[in-house]
Amino acid sequence: MSAKRLLLVVVLIIIGAMVVFLKFKASPEPVAEQPAAPKPVEVEHLSPTRHPQATPPPWQQVILPPPRREKPVVSRDPRLNHRDDGYNEHNAAIKVSSRLEVEQTVIQDLQVVDQLFQSYQWAFGRVPVGSENRELTLQLLGKNPMHLIFIPHSHSKVSVTGELLDRWGSPYYFHPISGQEIGIRSLGPDGKLWSGDDVVIDAQ
Amino acid sequence: MSKHASDDILTSVSRRNFIRTGTCGLMTIGPLVNTISQLKLMQSAAASTISNDYKAIVCLFLRGGCDMNNVLIPIGSNPQKAAYQSDRSVIQINESDIATAGTAINEPNSGDQQYGLHTALPKLAAAYNAGQAAFVTNVGTLAEPTTRANYESVAHPIQLFSHSDQTTQWMSSVSDKAFSSGWGGRVADLINDTSNPDSEISMMITASGNNQFMVSPGGSIPQYSVSSTGAISLASYGSNYSNALNEDGSYRTNATGQRLRALEEIMAYSHAHILEKGYNTAVRRARESEAKVANAFSIKDGLSYTNPDTNSSESVVFETVFAAHGVGGTSLAEEFIAILNMIAGREALGNSRQIFFIDLGGFDNHASLLLGQEPLLAQLDNCLAAYNECLDIIALADATFNTNQVTLFSASDFNRTWTANSDDPEDAGTDHAWGTHTFVMGGAVNGGQFYGRGYPELAVGGADDVPQGTRGRWIPTTSVDEYSAVLAHWFGISYGSSEMATIFPNLSRFVASNATGPAAELDFLANA
């Protein structure tokens, strides 16, 4: 076959491929069924709580609900549990967060919270953004681009307003240092910030 | 083309033909590559609409996030006074103390609303009232115009509220991308070749170590560190190499002298390895620059002026001025003195454009705001006054200099939360927030007024507060890009130019494409 004929054949093939491609693209896609309103997250307390939650706590109203899944996603990532309501549980982080609900030292608590931030960083490249306890905690609860849950919604150390509480019931005090580090302070038994019994993890 | 001809082209590429056509191609590509490599120089030349008169900008960075809510305080008949007094409760500055300190100022652009500066800032208040300083309100890092209404739908600066990211973004003026260079470095990269053809030393001089503000693209223009006593010499050879060199500059015969000699001989070798070569270049450049800085100091040491108060001739000694303001020996005073020496001795450095960087740390007052901020602001206030006085002295001693040629601007990581984090007046502090207030100072400043798009509404949940926050964090109404562009414009970069777009790649999100100058509400500098 001459070069001229070869060129003609190639051009015809390309034109044919473009026609097929455009035809497929122009055909209307089946309209996906609109996701139903997300069902309220069930509240299941693992330990006695200071804030019984018969109805979803107010903080859940500010987490944009992810699109609800009609069918369970078959997870190819053993680290995640894809829920029907669109959230994805980060299995390791959730297991770590459960340690905040058992008896351990406050230093260990701070290390656990630090681990949760690290888990978030591994998932998103950066620790959660914010300077207030609530906005950082909400991101650990699933208000993030992948709807990843690092702390279960039923966690007993999350207050009704969405703050992560230390073992004495005071919100942790967070100090955002960089995209890789957040200083963490427990207000200690007296619940008073900057007093002598504060316990802190902060590189600064 | 005949069938045979096309077959020839496809099948009969001879070595001779290949070499012939290849050579022709290379001859064409060569000039093209050369032209591309010259584009940067052409861009620099295009940027050079500036004359050869001297101009310098001084970046004063308040590290840690200065609480500016306690620097500009509504008082008197200001309608926001009640909100300040109630919301700031245990961390407020009392109005009666402001009156005693004499730090009350008026803001003519808002119908002469009354404000008070922090009681530790009486000299800055005096400079403001004398028209030598101005404030720019509610400035901050922005990825795009942001309001309370569109907060959830627009892009935000990377890692908002964190120290290191917000510091970086103030210095880079690029809030939505990873750091690659500072805006000072980009200005230097574009104008250095044409503005400083006789340059003897980098046009970017820092008195507080390396910083991101002065990182130029690809490291084209290095930042040079100085101290108040001159160049920072290599360590372990004594002050100004006194342990290694004799007075005539020859090597001493002791071990230290021989060590320096050996080092310099090694540095004189050429190296094939790129890192070794780079290291050698850096060390050699540092040693050469030391001599040039020494020349600048000698020029300054030779200056004298007639003191208008005593009518006597006096030498220019900046240390005396800072000592008279009670801040002699402080870290900030030393940094100011270092750059004042470079300004006074600028003839030896050969730069008609200079960029300086100094800083003051300690403003991360999460605890004990009142106790922690007061001494820092007092140091700042006295240093600023001494610095202004020193510039006046240089102008008296050097007829080619006037104070319109140097503009100082402040910056900080962020402002701090409106409300305190504790009820205890001794312990209470404030936390990381966002939009802050800055000040600019210098002879070219249209002083005595506020710039920006109004003072923020001082209320948690108010028009300027980040939604769903509980502490009051103002959404900036002026971006760092806009603020910095005014300074770059004063330095000679035209609005709408490709250079301005290179220096501030996100500026077009905030400024109309047909703008030829700063918006009226940001026109805080008089262009000569």
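One can find the structure itself at the top, above this paragraph.
Presented here is an overview of the structure given in this document. (Residues numbered from 1 in each chain as written. Chains lettered and ligands numbered in written order. Predicted model: local features only at pLDDT ≥ 70, side-chain atom pairs only at ≥ 80, totals over all residues. Heavy atoms only, no water.)

Residue and element names in this part refer to chain B. Applying the stated criterion across every chain yields a total of 28 aromatic pairs over all chains. With centroids separated by 5.9 Å and ring planes inclined at 45°, the aromatic side chains of Tyr 483 and Phe 524 adopt a geometry described as tilted. Within this pair, whereas Tyr 483 is found in helix α14 (residues 480-491), its partner Phe 524 is found in the segment after α15 (498-503), the two being separated by 41 residues in sequence. With respect to class, Tyr 483 is no different from Phe 524; both count as buried. An aromatic cluster of three or more residues is present, and its members are Trp 170, Trp 183, Phe 213, Phe 357, Phe 409, Tyr 451, Tyr 483, Phe 504 and Phe 524. Here the basic side chain of Arg 346 rests over the ring of Tyr 54, its NZ or CZ set 5.1 Å away from the ring centre. (Phe/Tyr/Trp six-rings, centres within 6.5 Å; stacked < 30°, edge-to-face > 60°. Helix = DSSP H or I, 4+ residues; strand = E, 2+ residues; numbered from the N terminus. Buried < 20%, exposed > 50% of the residue type's maximum accessible area, 1.4 Å probe, protein only. Lys NZ or Arg CZ within 6 Å of the ring centre and 35° of its normal.)

Here we take up the interface of chain B and chain A. Across the contact, 25 residues belong to chain B and 23 residues belong to chain A. Between chain B and chain A the total buried area reaches about 1800 Å² when both faces are included, carbon and sulfur atoms providing 47% of it. Joining chain B to chain A, the criterion identifies 5 salt bridges. Ionic pairing is found between Asp424(B) and Lys192(A), a salt bridge with its closest N-O pair at 3.3 Å. Applying the counting criterion to the chain B and chain A interface returns 24 residue pairs in polar contact (both at pLDDT 80 or more). Where the side of chain B that touches chain A is concerned, the elements lending two or more residues are α1 (3-11) and α6 (163-172) of chain B. If one sorts the elements of the side of chain B that touches chain A by residue count, α6(B) sits on top with 3 residues. The class makeup of the residues in the side of chain B that touches chain A is 5 nonpolar, 11 polar and 9 charged. (Contact = heavy atoms within 4.5 Å. Buried area = accessible area lost by both parts, 1.4 Å probe. Salt bridge = Lys/Arg side-chain N within 4 Å of Asp/Glu carboxyl O. Polar contact = N/O pair within 3.5 Å; in protein donor to acceptor, adjacent residues only side chain to side chain. Nonpolar A, V, L, I, M, F, W, Y, C, P; charged D, E, K, R; others polar.)

Bringing the sheet that holds strand β1 (residues 80-82) of chain A into the picture now. All names here are of chain A. Pairing in this open sheet of 3 strands is mixed, and the strands run β1-β2-β3 from one edge to the other. In this open sheet, the two edge strands, each paired with only one partner strand, are β1 and β3 (148-149). Bridge analysis of strand β2 (residues 88-90) against β3 gives 2 bridges, and the strand direction is parallel. Its bridge partner being in β3, Glu 89 is matched across the sheet by Ile 149. (Pairing = 2+ DSSP bridges.)

A word on the state of the cysteines. All names here are of chain B. Under the counting rule described, the total for this entry stands at 0 disulfides over all chains. For the unlinked cysteine Cys 390, the closest cysteine sulfur is that of Cys 383, found at 10.0 Å. Using a relative accessible area of 0% as the deciding quantity, one classes Cys 390 as buried. (Disulfide = S-S within 2.5 Å.)

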